[in-house]
Amino acid sequence: MKETVTVNIASQAFTLDTDARDLLGSYLDEIRMRLPEGDTETLGDIEARIAEIFRERAASPMTVVSIADVRSAMNRMGRPEDFGEPRKTAGTHRSETDETLPRRLYRSRSNRSIAGLCGGMAKYLNADATMLRLLTLFLILVGGLSVWVYIILWIVIPEEPAKTINVNRQTL
């Protein structure tokens, strides 16, 4: 006899045995560590897909989701490694085998108003992008910064590399 718990996945209630809950929790934690910080939308989509898979497999709401059901859903969703590299946190210690990558200045893909220059510089300098935009606008209006300098930087500074998330979605 196994202990069961009721969990909410994408606002849907499921009954899981404790082994299945632990496995699913660790799987979602692994994925969460590989997604950009604060990216709740992608994680919500992943949970919604897992809930769909569980609804397909469960004949009735009273059916207990087993560890085999969780493994099947994980196989359909893909390995956590498919969602990208784990992001570094403040508590993570680098091993001696890890190479330290040099910091690079890029134009931002996500934090942009015109060309992503201020968003990229804000990320590089660890500053607020809005403050850099206001400072840039002030310098252009006062004459301390030419519009030509902005255009040249737009051309010279490369755009941030695209982040790829590979989600294996298999249909049975």
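See the structure printed just above.
A few points on the structure. Since this is a predicted model, take the numbers as computed values, not measurements.

1. Here's the deal with the overall build of the protein
Thought 1: Along the backbone of the protein there are six helices and three strands.
Thought 2: Counting helices and strands in the order they occur from the N terminus, the protein gives β-β-α-α-β-α-α-α-α.
Thought 3: Counting every position in the protein, which comprises 172 residues, the buried fraction comes to 30%.
Thought 4: Considering only residue pairs separated by 6 or more positions, the protein has 57% of its internal contacts joining residues 24 or more positions apart.
Thought 5: Surface exposure of the protein reaches about 11900 Å², of which carbon and sulfur atoms provide 55%.

2. Considerations on unusual backbone geometry
Thought 1: Positive phi, normally seen in glycine, also occurs at Ser11, with a value near 65 degrees.
Thought 2: Locating Ser11 in the fold gives a position in the loop between β1 (4–9) and β2 (12–17).
Thought 3: With a phi close to 55 degrees, Asn126 is a non-glycine residue in the positive phi region.
Thought 4: Here Asn126 lies in the loop between α4 (117–125) and α5 (129–142).

3. Structural notes on the pairing of β2
Thought 1: Bridge count between β1 and β2: six bridges; the pairing is antiparallel. Of the residues in β2, the one forming a bridge with Asn8 is Ala13.
Thought 2: Where β2 meets strand β3 (residues 64–65), two bridges bridge the pair, whose relative direction is parallel. When the sheet's bridge partners are listed, Leu16 is paired in β3 with Val65.

4. Section: the packing of helix α1 (residues 18–34) against helix α3 (residues 67–77)
Thought 1: At a minimum axis distance of 8 Å, the contact between α1 and α3 shows a crossing angle of 20 degrees. Taken together, the axis directions place α1 and α3 in an arrangement best described as roughly parallel. For the pair α1 and α3, the sense of crossing is right-handed. Seen from α1, the contacting residues are Asp19, Ala20, Leu23, Leu24 and Tyr27; seen from α3, they are Ile67, Val70, Arg71, Met74 and Met77.
Thought 2: Among the residues making up the contact of α1 with α3, the classes are represented as eight nonpolar, no polar and two charged.

5. Description of the pattern of salt bridges
Thought 1: Counted according to the given criterion, the structure contains eight salt bridges.
Thought 2: Between Lys123 and Glu160 there is a salt bridge, and its shortest N-O distance comes to 3.2 Å. With Lys123 in helix α4 and Glu160 in the segment after α6 (147–156), the pair connects residues that are 37 residues apart, well separated along the chain.
Thought 3: For Lys123, a relative accessible area of 60% gives the class exposed.
Thought 4: What emerges from the salt-bridge pattern is a single network uniting Arg49, Glu52, Glu56 and Arg76.

6. So, the nonpolar core
Thought 1: Grouped together as the largest cluster of nonpolar side chains are 23 residues, with contacts concentrated most on Leu24, Tyr27 and Phe54.
Thought 2: When residues of this core are assigned to their parent elements, the largest contribution, six residues, is made by helix α2 (residues 40–57).
Thought 3: Setting aside chain neighbours within four positions, we find Phe54 in contact with Ile9, Phe14, Leu24, Val65, Asp69, Val70 and Ala73.

Cut-offs used in this document
- Residues numbered from 1 in each chain as written.
- Predicted model: local features only at pLDDT ≥ 70, side-chain atom pairs only at ≥ 80, totals over all residues.
- Heavy atoms only, no water.
- Helix = DSSP H or I, 4+ residues; strand = E, 2+ residues; numbered from the N terminus.
- Buried < 20%, exposed > 50% of the residue type's maximum accessible area, 1.4 Å probe, protein only.
- Contact = heavy atoms within 4.5 Å.
- Areas by Shrake-Rupley, 256 points an atom, 1.4 Å probe, with all protein chains shown as cover.
- Pairing = 2+ DSSP bridges.
- Axes fitted to C-alpha atoms, helices over the stretch in contact; angles between N-to-C directions.
- Parallel < 35°, antiparallel > 145°, perpendicular 65-115°, else oblique.
- Left-handed = near helix turned anticlockwise from the far one by under 90°.
- Nonpolar A, V, L, I, M, F, W, Y, C, P; charged D, E, K, R; others polar.
- Salt bridge = Lys/Arg side-chain N within 4 Å of Asp/Glu carboxyl O.
- Core = buried A, V, L, I, M, F, W, Y, C linked by side-chain atoms within 4.5 Å.

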